[in-house]
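# Coordinate inspection notes
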Amino acid sequence: LRVKALLEKLGLAEVNPGACSGPDGWITDPQGERLVSYDPTTGEAIGSVIQATAPTYDAIVARAAAAFAHWRTVPAPKRGLLVRDLGNALREVQEPLGEMVTLEMGKIRAEGIGEVQEMIDICDFALGLSRQLYGLTMHSERPGHRMYEQWHPLGPIGIITAFNFPVAVWSWNAAIAAVCGDTMVWKPSPTTPLVSVAVQRICNQVMADHGLDGIFNLVIGSNDQVGERMLDDGRLPLISFTGSVRVGRHVAQRVAARLGKTILELGGNNGIIIAEDADLELAVRAVLFGAVGTAGQRCTTTRRLIVHRSIVDEFTQRLARAYQSVPIGDPLEPGTLMGPLISEQAVERMMQALDTAQAEGGEIVTGGRRLPHLGPTFVEPTIVRMPRQTPLVCEETFAPILYVMAYETLDEAIAIHNGVPQGLSSAIFTLNLRTAEQFLSAAGSDCGIANVNIGTSGAEIGGAFGGEKDTGGGRESGSDAWKAYMRRQTTTINWSTELPLAQGIQFGE
Ligand code: UN1
C-alpha cells in the first residue's frame with residue numbers, strides 16, 4: 001500500500017511507457033524489452049519499463065543535438081533559472097523521491113532523502129555558477145592587442161550512472177552541464193530505472209514551464225542497444241561515466257578512440273589512518289558511518305583501516321562493539337542504519353571475498369554472516385583483521401567489509417595507504433598538526449579527496465569530487481569541475497593599425 005502511494009505521488013503509478021524522455025510524451029519502443037525493477041529489501045517487483053532500442057536512442061540524441069543548437073545561445077544566467085526551478089521542484093518531492101531511492105536501491109531513508117538534498121544543493125550551486133563561468137584575461141606581448149579566453153558550451157553530452165547514487169550523481173552532471181549550455185542524454189543503471197523516470201518527469205515539467213525541451217533526456221536501455229552506442233557516438237563530445245574500474249577502462253578506450261572526452265568516476269578503496277593520538281570516540285563514529293553506511297556501497301565507503309599498533313586491538317574492539325549494535329533491516333523503517341545489498345550476487349561476492357580474506361590470513365573480528373531471516377540480500381557488516389595488505393585488500397568489493405591493518409611509523413602507514421590501485425577518498429584521524437600536514441602533503445595521500453578527523457564518505461557538493469589512478473581522474477560537482485563541460489576558446493584581438501607577430505618574428509618587409 002505504501003509503495004502504491006509512493007508511486008502515485010511521483011507519477012509512477014502507471015509506468016510502463018518508461019523508456020525515454022520527450023516533453024511531448026514518453027516513447028515506447030514496440031520492440032523494446034521489458035525491464036523489471038525489484039525492491040532489494042523484499043525481492044518484490046516494484047514496476048517495469050520498456051527499454052529503448054537503438055532507433056529510439058538515435059532519435060533521442062538527435063533531439064538533444066537539436067536542443068543544443070538553441071540552448072547554447074541562451075545566456076548562462078538565464079540557463080541558471082531552469083536549474084533553479086529544477087532545484088525548487090526537487091524540494092517539493094524531496095521526501096517521496098528520497099523514499100523511492102530507498103525503495104529501489106535499499107539505502108536507508110535518511111540517506112535516500114540526503115541523496116535528494118545533494119541534488120537540491122547542486123542546483124543551488126549551479127545557479128550561482130551560471131554567473132561565474134569565468135575565463136582569464138591575459139596581457140598580450142603585442143601592443144594594441146587584447147587576449148582572453150572564453151568558455152563555450154560543449155554539446156549534447158552522455159551521462160551514465162550507477163545504482164548506488166541513482167539520481168544524485170546524475171544531478172552533479174546535469175545541473176552543471178545545463179548551466180554550461182549543454183544538453184544531455186542520461187543512461188541510468190538498469191537496477192534503478194524507476195527513480196530515473198521520476199526525475200525525468202520532473203525535468204519534463206520544469207522544461208515545459210520554461211517553454212523548452214530536449215535539454216534533459218533519459219534513455220533506459222541495454223549496453224548493447226544504448227550504452228555501447230553512446231561510447232561510439234560522435235555527436236556526444238563528452239561521456240561522464242560512473243561505475244566499475246573494469247567497465248571504466250572500456251569506456252575510456254572506446255571514447256578515446258574517437259578522441260572524445262570522458263569524466264570517469266570509478267572504484268574507490270578508501271582508507272583511514274588512525275594515529276596513536278587520534279580522538280578515538282570521533283574515529284569510531286566516522287568509521288562506522290564510512291564503512292557501514294549505505295551498506296558499504298558508496299564509491300567513498302571506508303574499506304581499509306590502518307591503525308597504529310599501540311591502539312589497534314583496543315580500537316578494533318570498540319569498533320566491533322559499535323558494529324554489533326547496528327540496527328539492520330527494512331531501510332524505510334525509522335531507526336534502521338543498514339539495509340540490504342543491491343542483489344543476491346552482491347552477497348555472493350561479499351562471501352567469496354571473506355573466504356579469500358581468510359585464505360590470505362585474515363581473521364573475522366565481527367560479522368561475516370548472511371542474515372536469511374531478514375532476506376537473501378541481508379548481511380552482517382564485517383570487520384576483518386589482516387596480517388598485511390594482501391591482494392584481496394587491494395580490490396574493491398562493493399559490500400560492508402572493513403579490513404584492519406596495523407602500522408608502526410607514519411611513513412609506513414602512508415605507504416600502505418597509497419599501496420592500492422584506486423585513489424578516490426582518504427582520511428587521517430590525529431590531533432597532531434605535523435601528522436595531519438604530512439598526510440596532506442605532496443608526499444602524503446595520493447587520493448582526490450583527503451580529510452582530517454572526518455571519514456572518507458559523505459563529501460559536500462561544493463568541492464570537486466573524484467580521484468586518481470584507477471579511480472579514473474575525473475572531477476565532478478563543485479569547484480571548477482564545470483570546465484569539463486565546456487570548451488575553452490583563446491581569443492586575441494588586434495585593435496591597432498599594425499600587424500606585429502608573436503615571438504617578434506619579421507615576415508616579409
Ligand atoms: C558515490 O558513491 O558514487 O561523498 C558517490 C559521498 C557522496 C557521494 C558518493 N557525497 O559519499
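Everything here concerns the structure above.
Residues numbered from 1 in each chain as written. Predicted model: local features only at pLDDT ≥ 70, side-chain atom pairs only at ≥ 80, totals over all residues. Heavy atoms only, no water.

## Looking at unusual backbone geometry
One non-glycine residue with positive phi stands out, namely Ala-295, at about 50 degrees. Within the chain, Lys-469 stands out as a residue other than glycine whose phi angle is a positive 55 degrees. By the element assignment, Lys-469 lies in strand β19 (residues 468-469). (Helix = DSSP H or I, 4+ residues; strand = E, 2+ residues; numbered from the N terminus.)

## Some remarks on the site of the ligand
The immediate surroundings of the ligand are formed by Glu-118, Asn-164, Phe-165, Trp-172, Arg-298, Cys-299, Thr-300, Ser-457, Gly-458, Ala-459 and Phe-465. Asn-164 has a polar side-chain atom sitting 3.2 Å from an oxygen atom of the ligand. Separating an oxygen atom of the ligand from a backbone N or O atom of Cys-299 is a distance of 2.6 Å. Contact with the protein chains hides 99% of the accessible area of the ligand, taken as 320 Å² for the molecule alone. Among the residues making up the shell around the ligand, the classes are represented as 5 nonpolar, 4 polar and 2 charged. (Near = heavy atom within 4 Å. Polar contact = N/O pair within 3.5 Å; in protein donor to acceptor, adjacent residues only side chain to side chain. Areas by Shrake-Rupley, 256 points an atom, 1.4 Å probe, with all protein chains shown as cover. Nonpolar A, V, L, I, M, F, W, Y, C, P; charged D, E, K, R; others polar.)

## Let's talk about the packing of helix α3 (residues 76-92) against helix α7 (residues 193-209)
How two helices sit against one another is set out by the angle between their axes and by the gap between those axes. At a minimum axis separation of 10 Å, α3 and α7 run at an interaxial angle of 135 degrees. The angle between α3 and α7 falls in the class oblique. Between α3 and α7 lies a crossing whose hand is right-handed. Within the contact between the two elements, α3 uses Leu-82, Asp-85, Leu-86, Ala-89 and Leu-90 and α7 uses Ile-202, Cys-203, Val-206 and Met-207. Of the residues that constitute the contact of α3 with α7, the class distribution is 8 nonpolar, no polar and 1 charged. (Axes fitted to C-alpha atoms, helices over the stretch in contact; angles between N-to-C directions. Parallel < 35°, antiparallel > 145°, perpendicular 65-115°, else oblique. Left-handed = near helix turned anticlockwise from the far one by under 90°. Contact = heavy atoms within 4.5 Å.)

## With respect to the side chain of Asn-270
Looking at where Asn-270 falls in the secondary structure, it is placed in strand β10 (residues 270-274). Looking at Asn-270, its side chain comes within polar contact range of the main-chain oxygen of Cys-299, at 2.7 Å. Filtering out sequence-adjacent residues up to four positions away, Asn-270 remains in contact with Cys-299, Thr-300, Thr-301, Thr-302, Arg-303, Arg-304, Leu-424, Ser-425 and Thr-456.

## Here we look at the sheet that holds strand β7 (residues 216-218)
Spatial strand order, β7-β6-β5-β8-β9: 5 strands in an open sheet with parallel pairing. Where the open sheet ends on each side, the last strands, each with one partner, are β7 and β9 (261-265). Shown here is a sheet whose adjacent strand axes are inclined to one another by a mean of 20 degrees, direction ignored. Of the strand pairs in this sheet, strand β5 (residues 156-160) and strand β6 (residues 183-187) are connected by 5 bridges, and their pairing is parallel. Among the inter-strand pairings, Ile-160 is bridged to a residue of β6, identified as Lys-187. Across the face of the sheet, helix α8 (residues 223-232) comes into contact with β5, β6 and β8 (238-242) while running at roughly 140 degrees to β6. (Pairing = 2+ DSSP bridges.)

## Things to note about the environment of Leu-218
Residue placement: Leu-218 occurs in strand β7. Considering only alpha carbons, one finds Leu-218 and Ala-52, 166 residues apart in sequence, at a separation of 9.8 Å.

## A look at the sheet that holds strand β3 (residues 137-138)
The 3 strands lie next to each other as β3-β4-β21, forming an open sheet whose pairing is antiparallel. Each edge of the open sheet carries a strand with a single partner, namely β3 and β21 (486-494). Note that strand β4 (residues 145-153) and β21 share 9 bridges and pair antiparallel. By the bridge assignment for β21, His-145 is matched with Asn-494.

## Regarding the nonpolar core
Soluble globular proteins tend to bury their nonpolar side chains together. Ranked by internal contacts, the top residues of the largest apolar core, which has 130 residues, are Leu-97, Met-100, Trp-170, Phe-216, Ile-274, Leu-305 and Phe-315. A total of 10 residues in this core trace back to one element, the largest contributor, which is helix α6 (residues 168-179). (Core = buried A, V, L, I, M, F, W, Y, C linked by side-chain atoms within 4.5 Å. Buried < 20%, exposed > 50% of the residue type's maximum accessible area, 1.4 Å probe, protein only.)

## Focus: the packing of aromatic side chains
In the structure shown here, the tally under the stated rule is 5 aromatic pairs. Consider the rings of Trp-151 and Trp-482, whose centres lie 5.2 Å apart with planes at 70 degrees: the pair is edge-to-face. Of this pair, Trp-151 sits in strand β4 while Trp-482 sits in the loop between β20 (476-477) and β21, placing them 331 residues apart in sequence. Neither Trp-151 nor Trp-482 differs from the other in exposure class; each is buried. Plain terms: the ring middles of Phe-163 and Phe-398 are 6.0 Å apart, the flat faces sit at 80 degrees to each other, and that makes the pair edge-to-face. Pair noted here: Phe-163 is in the loop between β5 and α6 and Phe-398 is in the loop between β13 (382-385) and β14 (401-407), with a separation of 235 residues, a long-range link. Residue class for Phe-163 comes out buried when judged on its relative accessible area of 15%. With relative accessibility at 24%, the residue Phe-398 sits in the partly exposed group. Three or more aromatic residues joined by ring pairs form one cluster here, namely Trp-170, Trp-186 and Phe-216. The ring of Phe-165 has Lys-107 sitting right over it, with the charged end atom 3.5 Å from the ring centre. (Phe/Tyr/Trp six-rings, centres within 6.5 Å; stacked < 30°, edge-to-face > 60°. Lys NZ or Arg CZ within 6 Å of the ring centre and 35° of its normal.)

## Here we look at α7
Its 17 residues place the ends of α7 25 Å apart at the C-alpha level, agreeing with the 24 Å of an ideal helix rising 1.5 Å per residue. When you tally the buried positions in α7, you get 13 out of 17 residues, the bulk of the element. Remark: Gly-211 follows α7 within two positions and exhibits a positive phi of approximately 70 degrees. (Expected span 1.5 Å × (residues − 1).)

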